[in-house]
Structures are given as structure tokens and as C-alpha cells.
Amino acid sequence: MVIRTASTQDDLRRLNRARLLRRLHEGGSARRSDLVAFSGLNRSTVGVLVSELADAGLVTEAAGLPGQVGRPSLRVAPVRNSAVVIAFDLKVERTIVALVGLGGGEIWRREQRHKRGDYTPEQAVRHVMSLIKQSLRRAPEGAAWVGVGIGVPGVVDHADGLVRLAPNLGWSDVPLGALLRAALESEYGFVPHLSVSNDADLGALAEHVRGQGAVKRNLIYLSGEVGIGGGIIIDGRPMLGAGGFGGEVGHMVVNPVGTECRCGARGCWETEIGLDALVRAAGITDPEAGVADVLAAASAGSRTARGAIDKAGEWLGVGLANLVNLFNPEVIVLGGHLRLLYPLVSSTVLRQVHHALPAAREQARVEVPALKADSTLLGAAEAAFEGLLADPMAVIADSVHATAS
Ligand SMILES: [Zn+2]
């Protein structure tokens, strides 16, 4: 016999309320009857939970169109301006910030360049704090500020936001989470849910929730920047490894006679298809050059640039074939500069992927991100919403109004 105590009833109610809000945040508005089907709860319980979320201002209810049985079903929608998060994609040469509302809609964004190779953690914290202040000024009247999410191109301890190693920023053992927590506390006397994560893990999260993998349970996201990061979702869950450091596919050795890597090994995937490798192989010497410059040189007739693109395509395919064999993904999403490179080399890449074992290869698609260049940024927003989505009422009660800050 199961005795339901008051606390387990409360826990259940909290869990169910959280599940409904997550469904509305990730999937958009729904009829009450859809929420009944989705949750497996009865109609009146769904009605009560939705009313509680509506009282907290997080959702609205309006009469929808008549259903098949003729009775209009109430339509429940998340309220974008009720709760906001501030999301960052901290890249090697620029920082992108976005103010994102409940339901995932972007309200405001800004981009700020910084000097590559000369960006200290203290500068990063100052930049982030200044961009938070600017974002809050754009927040809708009365919105609750419920989170900050940051994507970093490096190995990050999710638990406390310690950046163990971000070689392309020149950072090692930087306690970014603790530094930001202290700065937020001193500036606002309040620390919203704070998440610091690997950029590719966040790209995988966003593509899984809202992009190419929305109905897939097995997805790999590759962040192509100076380095190559990997975010892996297996059976609907992120594959993080024992310490959260898994998925460092950029240092998978693909070419034993290749270039020496910063990690000490030779012929890492990163040294064959990373942005610096591509620019160098294209014969471009400008240290600020990006993939657009390589593509422009190739279309202007540079055989060196075209050769570099083709070679990168070969190595991209070799690495992907390994990933297909290892993880049996349904979709591999190519982010960062790989997103722009892929359309030029897709046949080369797929020829290499064909070397993977047939059973796994037949199930794998290679795609560019549905969220275009924003996968990591929007993944940072999703991670920042986690606190609210885990316990909406408690977070709303504790949060501060963004515009009052
Ligand atoms: Zn390496």
C-alpha cells in the first residue's frame, strides 16, 4: 500500500506543473486537451495546474477554435514577457548576448568584438556584467529575470562553472561561474540560475529542443570554430561523461602524420578541419581572417583555397564516419564554420561517411543547424531557463523584476 503524505502530493504537483510549463516553453501553445494527452493527468488536474501557472503570469488561456466534437478547447500559451534569461555565446574573437523570453523568443541581442588571444577572464567578466546591464534595460515591463547562461569554447565543469581548459582563449582553471556569481551578488544582491557550459554541448541542446533533432533522440552537434567541439545526445540525454568533459571530438586523432596540435598530439581532427588550419591551408595570412575569406578566395579562383576546402571536406568525412560508428546518431549537425563549408564539400564528406558500417550509416543524416549561427546562444538560453522549468513557482517567487534592477 502506498500512503500519500502531504509532501509527496506537493512534490507531485510541483513536478507536474513543471512538466506542463516545459512542454509549453519547448513546444509552444497547446490546447488543454493536448496537455491532458501529453501529461496523462486528468482534465481537472490539468485545469488546476494551468490556472496556477496563469496566476503566476507565466501562461495565458484563451478559447481556441472548435475541436472535432464541436466544443472549443482552451488554448494555453507561454507568455514571452513574463520571464526572461540572458544568454551568452562567448567566442574566441567576440561575445554575443541575447535577451530571451519564455517560449524561446529573442527580445534583444548585441555582439561585441574583443581582441583574439588577449581576452582575460577579468575582461570577460566585466564584459558579461556590462552586457547584462544593457540587456536588463531592454527587458519588458514586469518580466522576472530567471537565469543567465554562458557558452564557452572549452572544457567546463557544469557543476560550478569552472573552465578547466579553453585553449583558444588561453584559459586554464578559470572559475568563471564563481567570478560571475560574486559579481552578480555585489551588483544586484541576487544571483539568478547561472549555467556555464561547453559551447558544443549547448549547440546540441538547442538543436535537440528546437532544431534539427527536435524529434530525434540521438544527435551530435559539432561546433566548428578555431577548435572543434562536440555535443552528444544519446537516447534523449546529453552524454557528458564522468566529469562532464566528454565529447572532445576535436582531439580525436584522424591523421597520424598530420600537423602537431596544441594538445601535444599530432593530426587531431582540429588540426585538419579547424578554422585556423583551413585559413592557413588556403594561403591566407591575415590573423583575423575567417571562413568567409576562404570561401571568397575560392570563388575568386584561388586553387589553393579550393584545395584547402576539398582537403578539409575529406577529413571532415573521415571523422564523421568514426562518430557514426561510435554513436549511431540519427543526425549530425555541423555548426560554426562547418555550416558554411559543408554545402561546398557535401559529396566528398558523404563519400567518406559511406565508409562507416552500413547499419549505422543508413540511419545517419548530416545537416547544417536549423538555428543557423545561433545554436550555442539559444542553447545557453535553454540552460538558463532550467531553474524556472524545474520549479516555476519557487523561482518566480524568488526572482527579481528585470526592469526594476
Ligand atoms: Zn589535439
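The structure presented is a predicted model; accordingly, all values stated were derived computationally and were not measured.

About the criteria used
- Residues numbered from 1 in each chain as written.
- Predicted model: local features only at pLDDT ≥ 70, side-chain atom pairs only at ≥ 80, totals over all residues.
- Helix = DSSP H or I, 4+ residues; strand = E, 2+ residues; numbered from the N terminus.
- Buried ≥ 20, exposed ≤ 12 C-beta atoms within 10 Å, placed from the backbone.
- Contact = placed C-beta atoms within 7 Å.
- Domains from an automatic or database assignment.
- Nonpolar A, V, L, I, M, F, W, Y, C, P; charged D, E, K, R; others polar.
- Expected span 1.5 Å × (residues − 1).
- Pairing = 2+ DSSP bridges.
- Axes fitted to C-alpha atoms, helices over the stretch in contact; angles between N-to-C directions.
- Core = buried A, V, L, I, M, F, W, Y, C linked by C-beta atoms within 7 Å.

Peer 1: Even after reading the chapter, I still don't get the overall build of the chain, so can you show me in this structure?
Peer 2: Looking only at helices and strands, the chain has 14 helices and 17 strands in total. The dimensions of the chain, computed from C-alpha atoms along their principal axes, are 65 × 50 × 45 Å. When the 405 residues of the chain are sorted by exposure, 44% land in the buried category. Sequence-distant contacts in the chain: of pairs separated by 6 or more residues, those separated by 24 or more amount to 63%.

Peer 1: How do you make sense of the domain arrangement of the chain when you look at a structure like this?
Peer 2: A common measure of how large an interface is: the accessible area buried when the components associate. Segmenting the chain into domains produces domain 1 (6-78), domain 2 (83-201 + 375-404) and domain 3 (216-370). The straight-line distance from the C-alpha centre of domain 1 to that of domain 2 is 29 Å. The partner domain 2 presents 11 residues to the 11 residues of domain 1 that form the contact. With six residues, the top contributor of residues to the side of domain 1 that touches domain 2 is helix 1 (residues 6-27). Tallied by class, the residues present in the side of domain 1 that touches domain 2 amount to six nonpolar, two polar and three charged.

Peer 1: Explain helix 6 (residues 199-210) here, please?
Peer 2: Owing to its 3.6 residues per turn, the α-helix aligns residues three or four sequence positions apart on the same side. Between its first and last C-alpha atoms helix 6 spans 16 Å; for 12 residues at 1.5 Å apiece the expected length is 16 Å, and the two agree. Burial runs high along helix 6: 11 of the 12 residues are buried. Within helix 6, burial applies to Asp-199, Ala-200, Asp-201, Leu-202, Gly-203, Ala-204, Leu-205, Ala-206, Glu-207, His-208 and Arg-210.

Peer 1: What's the story with the sheet that holds strand 9 (residues 162-166) in this structure? I'm lost.
Peer 2: Through backbone hydrogen bonds, the strands of a sheet pair up, either in parallel or in antiparallel fashion. Taking strand neighbours across the sheet as the criterion, the three strands line up as 8-9-10 in an open arrangement whose pairing is antiparallel. Edge positions in the sheet fall to strand 8 (155-157) and strand 10 (171-174), since each has one partner strand and no second. For this sheet, the mean angle separating the axes of adjacent strands, direction not counted, is 15 degrees. Sheet analysis places strand 8 next to strand 9, joined by three bridges and oriented antiparallel. Its bridge partner lying in strand 9, Asp-157 is registered against Leu-162.

Peer 1: I tried to follow the environment of Val-345 on my own but got confused; where do I start?
Peer 2: In this fold, Val-345 is placed in helix 11 (residues 337-353). The sequence separation of Val-345 and Ala-312 amounts to 33 residues, and the corresponding C-alpha distance is 8.4 Å. With near-sequence residues (within four places) excluded, Val-345 lies in contact with Ile-309, Asp-310, Ala-312, Gly-313 and Leu-316.

Peer 1: I tried to follow the nonpolar core on my own but got confused; where do I start?
Peer 2: If you look at soluble globular proteins, the nonpolar side chains tend to sit buried side by side. Of all hydrophobic cores here, the largest spans 113 residues; its most connected members are Val-85, Ala-87, Leu-278, Val-294, Ile-332 and Ala-381. Sort the elements by how many residues they give to this core and helix 10 (residues 303-327) lands first, with 11 residues. Excluding anything up to four places from it in sequence, Ala-87 contacts Ala-98, Val-100, Gly-149, Leu-377, Ala-380, Ala-381 and Ala-384.

Peer 1: I'm lost on the sheet that holds strand 14 (residues 237-238) in this one. Help?
Peer 2: If you walk across this open sheet you meet the five strands as 14-13-12-15-16, and the pairing is mixed. Where the open sheet ends on each side, the last strands, each with one partner, are strand 14 and strand 16 (365-367). Contacting strand 12 (219-224), strand 15 (331-336) and strand 16, helix 11 crosses the sheet at an angle of about 145 degrees to strand 15.

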